[in-house]
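# Fold and contact review
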Amino acid sequence: AQSVSQHNHHVILSEAASLELGCNYSYGGTVNLFWYVQYPGQHLQLLLKYFSGDPLVKGIKGFEAEFIKSKFSFNLRKPSVQWSDTAEYFCAVRGGSYIPTFGRGTSLIVHP
Amino acid sequence: SQTIHQWPATLVQPVGSPLSLECTVEGTSNPNLYWYRQAAGRGLQLLFYSVGIGQISSEVPQNLSASRPQDRQFILSSKKLLLSDSGFYLCAWNPEGMGNQPQHFGDGTRLSIL
C-alpha cells in the first residue's frame, strides 16, 4: 500500500525567506506525485505534478519540486516566499491504484 | 471547460438528523468522482469513490453512504448524523480512465453537528 508523510505541520516564515516543505512516500513501484495548495477560503488546487522525465518539476507561482527516487522524496521549494503564499500545502502520491493518498498537510504562514 | 459544483457551502444539523450533500460536474463525461473529509492536521481522508453510475467504493466504513444516480452527480448521505460527522467535506473528479491525472476539487461543505 502507498503512504505519504509530510514532516512539517506548521511553518512560519518572513517574506523573502526560502521555503522547503518535506514530502516522503512509501511505495515500491512507479509513482505519480502531486503538490496541492489550499489558499484561505479557496478550493484545493494543483500546484505541480510529476509523472515521468525531468525529476525537477516547475509549477505555478515560482514553486518547484524535486523527485529523488533513491530517497522516496518529493520536496516542495520556493526561493523567496511572499505573503500571498500563506496557505495549506498537501503532498499526494499515486502508486498502483488510481486513488491518490494525501499527506496530512503543512500550514504555511508568511509574515509581511 | 469543466466545472465542479458542491452545495451547500455550510450546513448546521442536529444529531440524529439526515444528511444529503450534492456534487455535480459539468463539461465532461464519465468522470471518476470522489468524496473526501478534511480534518485539521489530518489531511484528506478518502471516503468514497465512483468510476461510473451506481458504482461506489467505500474506503472507510462509517455512518455515511454515497450514491451516483447520474453520470455527473455524486451524493453523500447519512440517515442519522453523529457528532463525529462534523467536518469539511470535499468532492473531487478526474477524467475517466485517467486516474493518474490530477484531481479537481469543489469548494467544500462545512458541516457542523449540534
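These lines cover the structure that appears in this document, whether it is placed above or below. Just so you know, these numbers come straight off a predicted model, no measurement behind them.

## Details of the side chain of T24(B)
Residues and elements named next belong to chain B.
- You can see T24 is positioned in strand β3 (residues 19-26).
- Judged by relative accessible area, which is 16%, T24 ranks as buried.
- Discounting chain neighbours no more than four positions away, the residues touching T24 are T3, I4, H5, W7, R72 and Q73.

## A closer look at the pattern of salt bridges
Residues and elements named next belong to chain A.
- By the definition in use, this model includes five salt bridges over all chains.
- Taking the shortest distance from any N to any O, the salt bridge between E66 and R77 comes out at 3.2 Å. One end of the pair, E66, is in strand β8 (residues 64-68); the other, R77, is in strand β9 (residues 73-78), with 11 residues separating them in the sequence.
- We classify E66 as partly exposed; its relative accessible area is 28%.
- For R77, a relative accessible area of 23% puts it in the partly exposed group.
- With a closest N to O distance of 2.9 Å, D85 and K78 form a salt bridge.
- The buried category is assigned to D85, whose relative accessible area is 1%.

Thresholds applied
- Residues numbered from 1 in each chain as written.
- Chains lettered and ligands numbered in written order.
- Predicted model: local features only at pLDDT ≥ 70, side-chain atom pairs only at ≥ 80, totals over all residues.
- Heavy atoms only, no water.
- Helix = DSSP H or I, 4+ residues; strand = E, 2+ residues; numbered from the N terminus.
- Buried < 20%, exposed > 50% of the residue type's maximum accessible area, 1.4 Å probe, protein only.
- Contact = heavy atoms within 4.5 Å.
- Salt bridge = Lys/Arg side-chain N within 4 Å of Asp/Glu carboxyl O.

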